[in-house]
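Now for the letters of each chain:
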Amino acid sequence: MIRITDILDKVYEYNPGQETDIIDRAYIYSARVHEGQVRLSGEPYLSHPLEVANILADMRVDVESIAAALLHDVIEDTPATKEDIEEMFGPGVAHIVSGVTKLSALPFSTKIAQQAESLRKMILAMADDIRVVLIKLADRIHNMRTLKYHRKPEKQAAIAQETLDIYAPIAARLGIFWMKYELEEIAFYYTLRDEYDRIDALVNRARDEKDEYVRVVNEKLHEKMVEMGLHGEIKGRFKAHYSIYQKMISQNLEFNEVYDIIAFRIILDTVPQCYAAMGAVHSMWKPIYYKIKDYIGNPKPNMYQSIHTTVVGPKGERVEIQIRTHEMDRIAESGIAAHWSYKEGSKIDEDTGELFAWIRNLVENQENYNDPDEFIENVRIDLYPDEIYVFTPLGEIKTLPKGATPVDFAYMIHTEIGAECTGAKVNGKLVPLAHELKTGNTVEIMTTKGHTPSSDWLNFVKTVKARTKIRAWINAREKERSRSLGREMCEKTFKKRNQSFNSLMKSGDIERVADSLGFKTVDDLIAHVGFGKITPLQILNKTVPHLEKQEDKNEGLLKKLVGRKKKKESTGVIVKGLDDILVRFSKCCNPLPGDPITGYITQGQGVTIHRKSCLNMLKLSKERQIEVQWSLENTESYPASIKIRTEDRFGLLADIATVITKNKTNILSANTETLETGVCLFYFTILVESSNQLRQIMSSIRKIKKVMDVKRIIRNDI
Ligand code: MN
């Protein structure tokens, strides 16, 4: 158990010459009235006020606050009254202790009304005397540290949830970051135990791997600081579990995609040194410019100051480095407490008051709110600037990330409502589904039975829930379609070779085939056939090995018969990342080698190639577009259409045909049309190897006498 003398030593150190008699007396009084009481841990009750006072001493608060911390539970838990405290310790201490007592009556509940009430009390207490809230926060820290002694898991979870909902955000808003992180970390453990354990295991594994990495980065930073004549203290540490978890959830990342799992910090003496250090870091590792944040020049509302820069580190990875002075570091840890602690008069001084105008605003405005919903809405705007609060038609409040749309709202209510959502009204007016919701909006969702999600929604939804549900639905639908198509394709192929796909399915042999082709389930295998990644023939070959050989023999024979032509199975297009995929050319825009192209993944038919400027392509979903390029070793020919305008002349068609065939090109079709004006139109579809070759042919045609104009015909172009 911590001793009162340890606390006094700390107070002397930061506040020499201060009269501490009041602390001694508070300690003695507290010990007397709490006598015989024990904590759930089995320790004497007095250990709790002592720990709370110790936390506050570390935050360098004034003597009255330490005394009040020692007495913070006496009104609630002992026969002592506010009057007793006032008589013995003066009005200042009595005021703080009674403030803490009032706050202690907060219910353990996250129900909106009660949460609003809790926040309202906290905010009022902050404006009245911020020290009440500091003691309450320190009290909560110690209660969280000893939460393990609670017998009932439901109670642990309820206290932890309240900590996440109310105490951690308030600590953050007051700029006391160590408190925010510690509260969140412990609360995370009790509210989402499985997630906590999962991240803990991942962090521990990463820690083993990354120790060496941390050492290398630290050493390089240190060398650079020495070279620049800067005396910087360098720290490298792992991000908190809860911060990692939140980043994974909010950005839908896997653990190994959270790049700033280790944050490096350089702490220096002066502001100019900070900027010099930033320059030095940037000279060593390339900065990612949009990731530089200068909170020294532009402090955050909670007074946080630091430079944050993300650079491409020694292994080509992203590293976040924070640069700040020792003073800024202290403020970043203790926030508001750092600002008034030494100052006489206990209340927030004017400068700090200015920075915390938001507290005053909340309090001044709170009288205007009649119902808790309205109040909480306003409090939360200030506590969580990245969230919005909207209402259901029944007046229930829903929290969404900034930028959220009616589709996010619909999915938040229920997955089915999300899927079937076809329209939305905001404050009674129809809005598009991509409409950005604002705090205070009342949102009504219109649904149509049997309606299904659209992949376009992925372009605007903001919540992870909506995104994952829409993706899951699209994947399931595509898989379902691919599966029925795949089955159909297999049945046909098997039938052609006098085999029965159905009996293969029934025999159970199909599972072995799936396994040998690297698929976990038969469904997966069939779906991949439909998707064009596996051919039915591959399955057939796996089932009937002798057939495979026969096939080979046939192929050899065919090869002899048709010579090189059979080889031309290649399409001349490379699909990025996929070797073995069916490729088909769109009929709408007839792309030629040399044309900019893009691919579109089609149900069961692999990838369809379109010109990049094809109008049809622009109408198709971006989700399923895939990067493709022309193969350099291409020997294929492709159909291209041209239109030739000429004056009518005998023998012109023969001249054009000669030019085309001289270019070693085949004509697939030819049409002519004579207009009344005496103008003749020729339409040719010819086989060419590239857009270059086509251009050459066209320019040769232009040289023919009486030809007025030659154009390539591309349908659907923009
Ligand atoms: Mn307490």
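Scroll up a little and you will see the structure.
The structure displayed is predicted, hence computed values, not measured ones. (Residues numbered from 1 in each chain as written. Predicted model: local features only at pLDDT ≥ 70, side-chain atom pairs only at ≥ 80, totals over all residues. Heavy atoms only, no water.)

(A) Seen up close, the overall build of the protein. Summing up its helical and strand segments, the protein has 29 helices and 20 strands in all. Buried positions account for 47% of the 718 residues belonging to the protein. Summarising the internal contacts of the protein: among those between residues at least 6 apart in sequence, 66% fall at separations of at least 24. Surface summary for the protein: the accessible area is close to 36700 Å², and the carbon and sulfur share equals 50%. (Helix = DSSP H or I, 4+ residues; strand = E, 2+ residues; numbered from the N terminus. Buried < 20%, exposed > 50% of the residue type's maximum accessible area, 1.4 Å probe, protein only. Contact = heavy atoms within 4.5 Å. Areas by Shrake-Rupley, 256 points an atom, 1.4 Å probe, with all protein chains shown as cover.)

(B) Expanded view of the sheet that holds strand β2 (residues 262–268). Ordered by their spatial adjacency, five strands build an open sheet running β1-β2-β5-β4-β3, and the pairing between neighbours is mixed. Here the strands that pair on one side only, and so sit at the sheet edges, are β1 (233–238) and β3 (293–294). In this structure, β3 lies alongside strand β4 (residues 307–312), joined through two bridges in antiparallel fashion. Each residue of the ladder has a partner; that of Lys293, found in β4, is His308. Contacts from helix α11 (residues 193–227) reach β1, β2 and β5 (318–325) within the one sheet, and its direction differs from that of β1 by about 165 degrees. Against the sheet, helix α14 (residues 326–334) engages β1, β2 and β5, with an angle of about 105 degrees to β5. (Pairing = 2+ DSSP bridges. Axes fitted to C-alpha atoms, helices over the stretch in contact; angles between N-to-C directions.)

(C) Just the sheet that holds strand β17 (residues 638–647), in detail. On the basis of which strands lie adjacent, the open sheet formed by four strands has the order β18-β19-β17-β20 and antiparallel pairing. Of all the strands in the sheet, the pair left with one neighbour each is β18 (667–674) and β20 (707–712). Between one strand axis and the next, the sheet turns through 15 degrees on average, direction left out of account. One ladder, built from five bridges, connects β17 with β20; its direction is antiparallel. Directly across from Lys643, in β20, lies its bridge partner Lys711.

(D) Summary view of unusual backbone geometry. Unlike most non-glycine residues, Asn427 shows phi in positive territory, near 50 degrees. One can find Asn427 in the loop between β8 (421–426) and β9 (429–431). Judged by relative accessible area, which is 52%, Asn427 ranks as exposed. Phi at Asn498 is positive, roughly 60 degrees, even though this residue is not glycine. The residue Asn498 is located in the loop between α21 (464–496) and α22 (501–507) in this model. Residue Asn498 is classed as exposed on the basis of its relative accessible area, which comes to 73%.

(E) Expanded view of the coordination of the manganese ion. Protein coordination of the manganese ion is provided by His48 (NE2), His72 (NE2), Asp73 (OD) and Asp139 (OD), with donor distances spanning 2.1 to 2.4 Å. Sequence positions of the residues that donate to the manganese ion give the spacing H-x23-H-D-x65-D. Note that His48 is positioned in helix α3 (residues 47–58) and His72 in the loop between α4 (63–70) and α5 (74–77), a separation of 24 residues in sequence. There is no split in this pair, since His48 and His72 are both buried. (Donors = N, O, S within 2.8 Å, 3.2 Å for Na, K, Ca; no water.)

(F) Region of interest: the packing of α21 against helix α25 (residues 536–543). Running from N to C, α21 and α25 point in directions that differ by 55 degrees, and their axes come no closer than 9 Å. By the angle class used here, α21 and α25 are oblique. Between α21 and α25 the crossing geometry is right-handed. Note on element contacts: α25 touches α21 through Pro536, Leu537, Ile539, Leu540 and Thr543, opposite Met489, Cys490, Thr493 and Phe494. Looking at side-chain class alone, the contact of α21 with α25 contains seven nonpolar, two polar and no charged residues. (Parallel < 35°, antiparallel > 145°, perpendicular 65-115°, else oblique. Left-handed = near helix turned anticlockwise from the far one by under 90°. Nonpolar A, V, L, I, M, F, W, Y, C, P; charged D, E, K, R; others polar.)

(G) Seen up close, the pattern of salt bridges. All told, the structure shown has 28 salt bridges when counted by the stated rule. As a salt-bridge pair, Asp62 and Arg131 come within 2.7 Å of each other at their nearest N and O atoms. Of this pair, Asp62 sits in the loop between α3 and α4 while Arg131 sits in helix α8 (residues 130–145), and the two are 69 residues apart along the sequence. For Asp524, the salt bridge is made with Lys479, and the minimal N-O distance between the two is 2.6 Å. Of the two residues, Asp524 is situated in helix α24 (residues 522–531) and Lys479 in helix α21; the sequence distance between them amounts to 45 residues. Through salt bridges with shared partners, a single network forms among Lys235, Arg265, Arg324 and Asp329. (Salt bridge = Lys/Arg side-chain N within 4 Å of Asp/Glu carboxyl O.)

(H) Spotlight on the side chain of His241. In this fold, His241 is placed in helix α12 (residues 241–251). Relative accessible area serves as the criterion here: at 9%, His241 is assigned to the buried category. Polar contacts involving the side chain of His241 include one to the side chain of Asp200, which spans 2.6 Å. Excluding residues within four positions of it along the chain, His241 makes contact with Glu185, Phe188, Tyr196, Ile199, Asp200 and Val203. (Polar contact = N/O pair within 3.5 Å; in protein donor to acceptor, adjacent residues only side chain to side chain.)

(I) View of the environment of Val133. In this fold, Val133 is placed in helix α8. Overall, Val133 belongs to the buried group, its relative accessible area being 0%. Each C-alpha atom of the pair Val133 and Gly99 lies 8.6 Å from the other, and the pair is 34 residues apart in sequence.

(J) Spatial organisation of the environment of Thr5. Residue position: Thr5 is located in helix α1 (residues 4–14). Each C-alpha atom of the pair Thr5 and Asp24 lies 9.2 Å from the other, and the pair is 19 residues apart in sequence.

(K) Spotlight on the environment of Thr415. Examined against the element boundaries, Thr415 turns out to sit in helix α20 (residues 415–419). For the pair Thr415 and Ile470, spaced 55 residues apart in sequence, the C-alpha separation works out to 9.3 Å. Discounting residues that sit within four places of it in the chain, Thr415 has contacts with Lys465 and Lys469.

(L) Spatial organisation of the packing of helix α28 (residues 652–662) against helix α29 (residues 691–702). Taken N-terminus to C-terminus, the directions of α28 and α29 make an angle of 150 degrees; their axes are 10 Å apart at the nearest point. Between α28 and α29, the interaxial angle falls into the category roughly antiparallel. The interaxial crossing formed by α28 with α29 has right-handed handedness. Contacts between α28 and α29 involve Ile656, Val659 and Ile660 from the former and Ile697, Ser700 and Ile701 from the latter. Grouping the amino acids of the contact of α28 with α29 by side-chain chemistry returns five nonpolar, one polar and no charged.

(M) Fine view of the packing of aromatic side chains. Taken as a whole and assessed by the stated rule, the structure comprises 16 aromatic pairs. Relative to Tyr196, the ring of Tyr189 lies with its centre 5.1 Å away and its plane at 90 degrees, an arrangement referred to as edge-to-face. Residue class for Tyr196 comes out buried when judged on its relative accessible area of 14%. Both rings, one in Phe585 and one in Tyr638, keep their centres 5.1 Å apart while their planes meet at 75 degrees; by these two values the pair is edge-to-face. With Phe585 in strand β12 (residues 583–585) and Tyr638 in strand β17, this residue pair connects regions lying 53 residues apart in the sequence. By way of ring pairs, the aromatic residues Phe188, Tyr189, Tyr190, Tyr196, Tyr242 and Tyr245 are connected into one cluster. (Phe/Tyr/Trp six-rings, centres within 6.5 Å; stacked < 30°, edge-to-face > 60°.)

(N) Spatial organisation of helix α9 (residues 153–173). Spanning 21 residues, α9 covers 29 Å between terminal C-alpha atoms, matching the ideal 30 Å at 1.5 Å per step. Of all the bends in α9, the greatest, near 40 degrees, is centred on Thr163. Along α9, 15 of the 21 residues are buried, which leaves the element largely enclosed by surrounding structure. Where α9 terminates, the next one or two residues include Gly175, which has phi positive at roughly 80 degrees. (Expected span 1.5 Å × (residues − 1). Bend = angle between axes of the 7 residues up to and from the residue.)

(O) Spatial organisation of helix α19 (residues 406–413). For α19, a buried count of six out of eight residues is recorded, marking the element as mostly surrounded by other parts of the structure. Burial in α19 covers these residues: Pro406, Val407, Asp408, Phe409, Ala410 and Tyr411.

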